[in-house]
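Here are the chains, one letter per residue:
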Amino acid sequence: MAEQVYFEDINQGDEIPKLVKNCSSQQLVMWAAGSGDFYQIHYDKDFAQSTGLKGIIVHGALKHAFLGQLLHDWVGEKGRLKKFGCQYRGMDYPNQDLICRGVVTGKRQESGENLVELEIWTENPEGEKTSPGKAVVALPSRK
Amino acid sequence: MTQSSIITDEMRAVIGQESEPQTVEVDRTAVRMFARGVGHTDPVHYDVEVARRRGYRDLPCPPAFLGTPVFNPSQPPRTAYVSFKSPFKRVLNGGTEVEYFDEDICAGDVLTSTSKIADLSERQGSLGPMLIIRFETTYRNQKGKVVAILRGTGIQY
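The rules behind the values
Residues numbered from 1 in each chain as written. Chains lettered and ligands numbered in written order. Predicted model: local features only at pLDDT ≥ 70, side-chain atom pairs only at ≥ 80, totals over all residues. Helix = DSSP H or I, 4+ residues; strand = E, 2+ residues; numbered from the N terminus. Contact = placed C-beta atoms within 7 Å. Core = buried A, V, L, I, M, F, W, Y, C linked by C-beta atoms within 7 Å. Buried ≥ 20, exposed ≤ 12 C-beta atoms within 10 Å, placed from the backbone. Domains from an automatic or database assignment. Arc of directions from axis to C-beta. Nonpolar A, V, L, I, M, F, W, Y, C, P; charged D, E, K, R; others polar. Expected span 1.5 Å × (residues − 1). Pairing = 2+ DSSP bridges.

**What to know about the overall build of chain B**
Part 1 of the reasoning: In terms of regular secondary structure, chain B is built from 3 helices and 6 strands.
Part 2 of the reasoning: In chain B, the order of α-helices and β-strands from amino to carboxyl end is α-β-α-α-β-β-β-β-β.
Part 3 of the reasoning: For chain B, the C-alpha atoms occupy an extent of roughly 65 × 30 × 30 Å along the three principal directions.
Part 4 of the reasoning: Long-range contacts, defined here as pairs at least 24 residues apart, represent 72% of the contacts in chain B between residues at least 6 apart.

Structure representation (structure tokens):
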């Protein structure tokens, strides 16, 4: 895993390391089992098409969880996720890159914690932000 | 002619009403399965020794994992929140936010969740009127502490 990041090292505008996902239909089944969301549009192509979709789509909640991994991996062992969320604006599909990204939008200290605010999102191969969102994390201080 | 509101008094009456509490269990297998489904590589979600070395009492939940509601086929299916009769048949998931508090959520915890509709609003979309439902689920652990709040948006149209 990457080196621990510290509050003092972070600046507004910094982009955090990307997390690139590419879901197979098998991963979508594993997610269905892990999350309890068995809605067939995520693994049954005939069903998905019968609802008007062009094919199976990635669960919105899985994209939210991917953004969670993006943040978890960045804050490291000494950091902590406080809040994170996203909106499901665009659909994402299996077997193509789904890029999770984040940019620091602010830093503040509150109640003894070093908080960093970020804009986070998932992006499709066309560069469209399919799940835009925000996060707040706490980072350790070097002091 | 102004469009009349699609939000009825009957709908407004459910805002803020808390659902019956539901038991949600956090166990090691579920933590690992969720982590695996996402593709987490950090061993803290899989290896109890690593978790303990890092100060957790057991495997910590990966982000967005809040345990497994207890399923029992002999009990009637329950809606997550106090629901209302909606004129719309189609639903979209508009978004999800999770907020955490001071306590970690780890395997071995037993949580209780209650849900409510926090807000109802409406919008005119290209497909016609849309009902926006913001709901909130509060998770408390076995010590009665709030460990997470899940906020979701549903769009009915």
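What follows continues from the structure just given.
**Some thoughts on the nonpolar core**
Part 1 of the reasoning: Residues Phe 66, Leu 67, Leu 70, Leu 71 and Ile 120 of chain A together with Val 31 of chain B are the most contacted members of the largest nonpolar core, which totals 50 residues.
Part 2 of the reasoning: Here this core gets 8 residues from one element, more than from any other, and that element is helix H3 (residues 60–75) of chain A.
Part 3 of the reasoning: Structurally, this core is a two-domain feature, drawing no fewer than three residues from each of domain 1 (1–26 + 67–157) and domain 2 (27–65) of chain B.

**Some words on helix H2 (residues 28–38) of chain B**
Each α-helix winds once per 3.6 residues, and so residues spaced three or four apart point in a common direction.
Part 1 of the reasoning: Along H2 of chain B, the residues that are buried comprise Ala 30, Val 31, Phe 34, Ala 35, Gly 37 and Val 38 of chain B. One side of H2 of chain B holds all its buried residues, which, seen down the axis, span an arc of 160°.
Part 2 of the reasoning: Elements in contact with the buried residues of H2 of chain B: helix H1 (25–35) and H3 of chain A together with strand S2 (68–69) of chain B.
Part 3 of the reasoning: Downstream of H2 of chain B by one or two residues, Gly 39 of chain B has phi in the positive range, about 100°.

**Quick notes on the domain arrangement of chain B**
Residues and elements named next belong to chain B.
Part 1 of the reasoning: For chain B, the assigned domains read domain 1 (1–26 + 67–157) and domain 2 (27–65).
Part 2 of the reasoning: The partner domain 2 presents 11 residues to the 9 residues of domain 1 that form the contact.
Part 3 of the reasoning: Taken together, the residues that form the side of domain 1 that touches domain 2 break down as 5 nonpolar, 2 polar and 2 charged.

**Topic: H3 of chain A**
Residue and element names in this part refer to chain A.
Part 1 of the reasoning: Compared with the 22 Å implied by 1.5 Å per residue over 16 residues, the 23 Å span of H3 between its first and last C-alpha is a close match.
Part 2 of the reasoning: Within H3, 14 of the 16 residues are buried, which leaves the element mostly enclosed by the surrounding structure.
Part 3 of the reasoning: Gly 76 occupies a position one or two residues after H3 and carries a positive phi of about 70°.

**Some points on the interface of chain A and chain B**
You'll often see interface size given as the accessible area lost when the parts meet.
Part 1 of the reasoning: Listed as interface residues are 27 residues of chain A and, on the opposing side, 21 residues of chain B.
Part 2 of the reasoning: Listing elements by their share of the side of chain A that touches chain B, those giving two or more residues are H1, H3 and strand S2 (80–87) of chain A.
Part 3 of the reasoning: Among the elements that make up the side of chain A that touches chain B, the one with the highest residue count is H3 of chain A (10 residues).
Part 4 of the reasoning: Of the residues that constitute the side of chain A that touches chain B, the class distribution is 12 nonpolar, 10 polar and 5 charged.
Part 5 of the reasoning: Judged from the 5 bridges that link them, S2 of chain A and strand S3 (residues 91–100) of chain B form a sheet pairing that is antiparallel. Bridged to Cys 86 of chain A within S3 of chain B is Thr 96 of chain B.

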